[in-house]
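# Remarks on the overall topology
Now for the letters of each chain:
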Amino acid sequence: MMNTDFTRSLPPNEVIRGYAPGAAETKSLAKRLAELSSETLEIPCIVGGEEIRTGDIHENRAPHDHSNVLCRWHAANPDVVERAIVASREAWLEWSETPVHVRVAIFEKAATLLAGPWRDTINAATMLNQSKTCFQAEIDAACELIDFWRFNNYYVLNQVHSEQPPHSPSGMWNVLDHRPLEGFVYAVTPFNFTSIAANLPGAPVLMGNVSLWKPSNHSILSNYYIMKLYEAAGLPPGVINFIPGDPAAITQQLMTSPEFSGLHYTGSTAVFQHLWKVAAENLPNYRSYPRIVGETGGKDFIFVHESADAEATAVAALRGSFEYQGQKCSAASRMYVPRNRWSEIRDRLIADMQTIRMGDPADFSNFIGAVIHEQSFEKITGAIQHARDTPGASIVQGGESNREQGWFVQPTLIECDDPQFRTMQEELFGPVLSVHVYDENNLDEALRLCDETSPYALTGAVFSQDRVEAERISDRLRHAAGNFYINDKPTGAVVGQQPFGGARASGTDDKAGSVLNLLRWVAPRTVKETFDPPRDYRYPHMG
Ligand code: NAD
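Residues numbered from 1 in each chain as written. Predicted model: local features only at pLDDT ≥ 70, side-chain atom pairs only at ≥ 80, totals over all residues. Heavy atoms only, no water.

Let us now look at the packing of aromatic side chains. What the rule picks out here adds up to 16 aromatic pairs. For the pair tyrosine 265 and phenylalanine 272, a centre-to-centre distance of 5.4 Å together with 10° between the ring planes defines the contact as stacked. Residue class for phenylalanine 272 comes out buried when judged on its relative accessible area of 6%. Judged by centre distance (6.0 Å) and plane angle (25°), the rings of phenylalanine 303 and tyrosine 336 are stacked. One end of the pair, phenylalanine 303, is in strand β12 (residues 300–304); the other, tyrosine 336, is in strand β13 (residues 332–338), and 33 residues separate them in sequence. The ring of phenylalanine 193 is capped by lysine 132, whose NZ or CZ atom sits 3.9 Å from the centre of that ring. Over the ring of tyrosine 324 we find lysine 132; its NZ or CZ atom is 4.3 Å from the centre of that ring. (Phe/Tyr/Trp six-rings, centres within 6.5 Å; stacked < 30°, edge-to-face > 60°. Buried < 20%, exposed > 50% of the residue type's maximum accessible area, 1.4 Å probe, protein only. Helix = DSSP H or I, 4+ residues; strand = E, 2+ residues; numbered from the N terminus. Lys NZ or Arg CZ within 6 Å of the ring centre and 35° of its normal.)

A few words on the domain arrangement of the chain. Here the chain is partitioned into domain 1 (24–296 + 507–527) and domain 2 (300–486). On a C-alpha basis, the centres of domain 1 and domain 2 stand 31 Å from each other. Each side of the interface is counted separately: domain 1 has 24 residues, and domain 2 has 29 residues. With both chains or domains summed, domain 1 and domain 2 bury close to 2100 Å², and 63% of this area falls on carbon and sulfur atoms. (Domains from an automatic or database assignment. Contact = heavy atoms within 4.5 Å. Buried area = accessible area lost by both parts, 1.4 Å probe.)

The subject of this paragraph is the site of the ligand. If you check the shell around the ligand, you find 26 residues, and the closest are Thr189, Ser268, Thr296, Cys329 and Glu427. Tyrosine 265 is positioned such that a nitrogen or oxygen atom in its side chain is 3.4 Å from an oxygen atom of the ligand. In the environment of the ligand, an oxygen atom lies 2.7 Å from a nitrogen or oxygen atom belonging to the side chain of glutamate 427. The protein chains hide 85% of the 850 Å² of surface that the ligand would expose on its own. Here the ligand is seated within the largest pocket. Taken together, the elements giving at least two residues each to the shell around the ligand come down to α8 (247–254), β10 (260–266) and α9 (269–281). A class-by-class count of the residues in the shell around the ligand yields 13 nonpolar, 10 polar and 3 charged. (Near = heavy atom within 4 Å. Polar contact = N/O pair within 3.5 Å; in protein donor to acceptor, adjacent residues only side chain to side chain. Areas by Shrake-Rupley, 256 points an atom, 1.4 Å probe, with all protein chains shown as cover. 1 Å grid on protein atoms, 1.4 Å probe; cavity = no way out; pocket = protein on both sides within 12 Å on 5 of 7 lines; lining within 4 Å. Sits in = over half its atoms within 2 Å of the grid points. Nonpolar A, V, L, I, M, F, W, Y, C, P; charged D, E, K, R; others polar.)

The next subject is the side chain of threonine 266. By the secondary structure assignment, threonine 266 is in strand β10. Judged by its relative accessible area of 12%, threonine 266 falls in the buried class. Once you skip the residues sitting within four places of it in the chain, threonine 266 turns out to touch Val188, Thr189, Pro190, Ile196, Leu200 and Glu295.

Attention now goes to the layout of surface pockets. Here the largest pocket is characterised by a volume of approximately 950 Å³. Taken together, 36 residues line the largest pocket, and the ones lying closest to its centre are Phe191, Tyr265, Gly267, Ser268 and Val271. Looking at the lining of the largest pocket, the elements that each hand over two or more residues are α8, β10, α9 and α12 (374–389). Among the elements that take part in the lining of the largest pocket, α9 stands out by supplying 5 residues, more than any other. In terms of residue class, the lining of the largest pocket is made up of 15 nonpolar, 17 polar and 4 charged. The residue makeup of the lining of the largest pocket includes at least three contributed by each of domain 1 (24–296 + 507–527) and domain 2 (300–486). As a volume, the second largest pocket reaches approximately 820 Å³. Around the second largest pocket, the lining comprises 42 residues; the ones closest to its centre are Glu144, Thr491, Gly492, Ala493 and Val494. Secondary structure elements with two or more residues in the lining of the second largest pocket: α5 (134–160), α6 (194–206), β10 and β11 (291–295). Here the element with the most residues in the lining of the second largest pocket is α5; it accounts for 8 residues. Partitioned by chemical class, the residues of the lining of the second largest pocket number 18 nonpolar, 12 polar and 12 charged. Domain assignment of the residues forming the lining of the second largest pocket places at least three in each of domain 1 (24–296 + 507–527) and domain 2 (300–486). (Points joined across faces, edges and corners; volume = space filled by probe spheres on them.)

Next up, the structure:
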């Protein structure tokens, strides 16, 4: 079916709830949290709208409470994956022809349900499953996801379907038909953002595609509720198939299928590079060249100029590095500070870090929870130990951890004499900030280090009260971050305001939540119609 031209007014960003003590919204969320906490859901695969229980059962426990089994989930086996390919093929026939305004209506309904009756459920599931505080769950699972859905709707109508050839001379009509891809999109999603997990299968579907969604094994509860929300919003069966399970086996099966037409991935860099190789190896078997979109790791920085406001810098470093236990791809994890400002910034940072409350997100007064799983706990605590053992690196604050009840790692500040020290380069994905103190008389060398020390280029920030210097630093670091901040922390990008994504080893920079991303999921067809076609083949020059 040809596209229909509708436009829509720009939606507002969803207003963030504060969850102040005693507020009605706080009581309502706490009640839902207690309910979900006390049950152990059994979660099936969902293929073609059918629930499938394979009997290959795994579980998710709350990262902050090993004793709390949140769900038992059935892993997809090869038969289920094959059924998912068939279901998506069948769903494609109708969905790829479904008018855009109908697709938009379903996502608009999902946003309305999430803003209203589903909000507490999705937030509570995210708090329990991924150990987020109420605020961190609210800005992710509620607000960012509502914004993804509403802004994507705005972009598809106002900036994709309205994008038509600029000229149709008299006697003809030129039209761009924004077709979906032929085949299915494989969505591989990370544990850390419920909104990203929902958007990776969702954005291609909005463009008329069908998605096979392999969620992270560590966020099955919240992701399952998202799948149920899509169903409640009226998404037809088979348009998204929910197939949790063994990542390598599912990938092997899906990415060798001729119908594989796109990969929408967010997660670590190593896995993405592996997936790209699998796509390259199987290229001759695919019906179309697959679209490959991946947002991956980061080693995000704060660069401090000697004119910086020390208080603002310290607060940004604390929030930017330790909120959600440093498990944001955008989290600051290295900082460059001029020697003549270090003691002031360090003392303020230490004083604030000593007041951080860490624990169960059910206690709303906590600032952070636990890290996601044992492997992550081991990696982070191992790196801290390495810093402790290495001359020239010192733990300035924090460094403790506790695994008894949950995977708790204390926010940690490491000072590194060596700017190439492991924790200045490697993504740890935990609450660890490494600082290199530089000679304020050698700013250019410090900027070179900041630009060249890690392969990543996701987010970065400069703190400087000298606006001209801030500009110079921003220019010098132009390719070091896809999201750059002046006098603000490098986390907390908002849909419709700061489109998110990075280049270099951080991804394909297709900016989730913007029209740039949506354009990757269409294969436009140009249609030229001539109203009065020639009836003589000869040209004037032929006499
Ligand atoms: P991860 O790489 O462990 O997992 C991501 C996804 O890949 C999961 O669904 C996982 O099951 C799957 N996977 C793992 N091994 C696989 C394999 N061999 N074959 C196929 N799939 C496989 O990442 P994570 O721990 O879930 O998330 C944290 C990472 O994600 C960090 O590196 C972080 O920087 C990154 N991230 C990036 C962004 C961004 O926008 N750039 C956003 C969020 C997270």
